Amino acid sequence: MSIKASELILNPDGSVYHLNLKPEHIAETIILVGDQDRVEKVSKHFDTIEFKTQKREFKTHTGNLNGKRISVISTGIGPDNIDIVLNELDALVNIDLETRLPKTNLTSLNLIRIGTSGALQASIPVDSFVLSSAGLDINGMLHAYQMENICNPDYEAAFIKHTNWSKNKARPILVKNSESLEKKLIDDNIYKGVTLTAGGFYGPQGRVLRLPLQDPDLNTKIDSFSFDGYQVTNLEMETSAIYGLSKLLGHHAVSLNAIIANRATGDFSKNPSETIEKLITYTLNKILA
């Protein structure tokens, strides 16, 4: 049965609704960045750029670097935007947009996030890089999907017990990365661990301005949690959503974060742009290796 027009919305030119893309516009290797201004910071390294588009916060550049075709797409902030981006990217490669039928032969994309994040452990210095071995989802978006086959119940139960997790919040979900992409992108200078993905920047990440928090001690509990050798290393708003949807849809995903703040020490990078540029260069070199 074909997918209804109300479920898979296309623009008048046949492109997918939010990303404004057609299948030929994207490569199978895609770099995801949050900030639309970071798209040019990646694509300036390309030898050629064959396609550009932008709709709202979703900007795409596709080009070639040393003979490899690469796309870079800005997702905006948060797991709700990741839900849009991942589903529409999958539709571009795995749904026939004319017949609105899923394809028989499915394509697996390689999705690499280049993001910024705050470290939760004092031992992870500002201006370092963290590769997310797993994403710990506390925002609830993934609960809209059937997640049972990719969850890690033992880890999740231990985290719930350790933090005395409120039953009024969405149950945490741990989703692992693509081991093949991790092997390609890791080296000895990169920290690894679990990245916590929140649904907001202030209260959901333990920041207090004028509103009191439901659990003011939550970050301290998270900092001290360890299970099966994995600590929660850093905190941001996209990784677990990318990992969860990629696993469900059959894509490969890994998240790399430039640490521009350390919540444990209170430090903030003196030159975050330089740190991000170093991570972009590092990632592109690893992709081409």
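Above this text you will find the structure in question.
The shown structure was predicted, so the numbers you read here are calculated from the model rather than taken from an experiment. (Residues numbered from 1 in each chain as written. Predicted model: local features only at pLDDT ≥ 70, side-chain atom pairs only at ≥ 80, totals over all residues. Heavy atoms only, no water.)

### Overview of the overall build of the chain
- Secondary structure assignment for the chain yields seven helices and 14 strands.
- Taking 289 residues into account, the globule formula puts the C-alpha radius of gyration at 19 Å, and the chain, at 19 Å, falls close to it.
- Projected onto its principal axes, the C-alpha coordinates of the chain cover approximately 50 × 45 × 40 Å.
- Taken across its 289 residues, the chain has 51% of its residues classed as buried.
- Taking the average place of the 30 positive charges on the side chains of the chain and the average place of its 34 negative ones, the gap between the two points comes to 2 Å. (Helix = DSSP H or I, 4+ residues; strand = E, 2+ residues; numbered from the N terminus. Rg over C-alpha atoms; globule rule 2.2 N^0.38 Å. Buried < 20%, exposed > 50% of the residue type's maximum accessible area, 1.4 Å probe, protein only. Lys, Arg positive; Asp, Glu negative; His and termini not counted. Charge placed at Lys NZ, Arg CZ, Asp CG, Glu CD.)

### Quick word on a nonpolar patch on the surface
- A contiguous nonpolar surface patch, about 340 Å² in accessible area, is contributed by Phe201, Tyr202 and Leu209.
- Considering the arrangement of structural elements, one finds Leu209 in the loop between β10 (191-197) and α5 (218-223).
- In this structure Leu209 comes out as exposed when scored by relative accessible area, which is 65%. (Patch = residues over 30% accessible without salt bridge, like charges linked within 9 Å, V, L, I, M, F, W, Y side chains within 5 Å. Areas by Shrake-Rupley, 256 points an atom, 1.4 Å probe, with all protein chains shown as cover. Salt bridge = Lys/Arg side-chain N within 4 Å of Asp/Glu carboxyl O.)

### Describing helix α7 (residues 272-288)
- Compared with the 24 Å implied by 1.5 Å per residue over 17 residues, the 25 Å span of α7 between its first and last C-alpha is a close match.
- The set of residues buried in α7 consists of Thr275, Ile276, Leu279, Ile280, Tyr282, Thr283, Leu284, Lys286 and Ile287. (Expected span 1.5 Å × (residues − 1).)

### What to know about the nonpolar core
- Among the nonpolar cores identified, the biggest contains 56 residues, and Ile31, Leu32 and Leu89 are the most heavily contacted of them.
- It is helix α2 (residues 79-94) that contributes the most residues to this core, seven residues altogether.
- Ala134, Tyr155, Phe159 and Ile222 belong to the second-largest nonpolar core, a separate cluster that totals 16 residues. (Core = buried A, V, L, I, M, F, W, Y, C linked by side-chain atoms within 4.5 Å.)

### Details of the environment of Tyr17
- Here Tyr17 shows up in the segment before β1 (29-33).
- Looking at Tyr17, the relative accessible area reads 28%, which means it is partly exposed.
- If sequence neighbours within four positions are ignored, Tyr17 has contacts with Ile9, Leu10, Asn11, Lys55, Arg56 and Glu88. (Contact = heavy atoms within 4.5 Å.)

### Overview of the packing of aromatic side chains
- In the structure shown here, the tally under the stated rule is six aromatic pairs.
- Taking 5.3 Å as the distance between ring centres and 90° as the angle between the ring planes, the aromatic pair formed by Tyr155 and Phe225 counts as edge-to-face. Of the two residues, Tyr155 sits in helix α3 (residues 153-163) while Phe225 sits in the loop between α5 and β11 (226-227), which places them 70 residues apart along the sequence. Here Tyr155 matches Phe225 in class, with each residue buried.
- What links up through ring pairs into an aromatic cluster is the set Tyr155, Phe159, Trp165, Phe225 and Phe227. (Phe/Tyr/Trp six-rings, centres within 6.5 Å; stacked < 30°, edge-to-face > 60°.)

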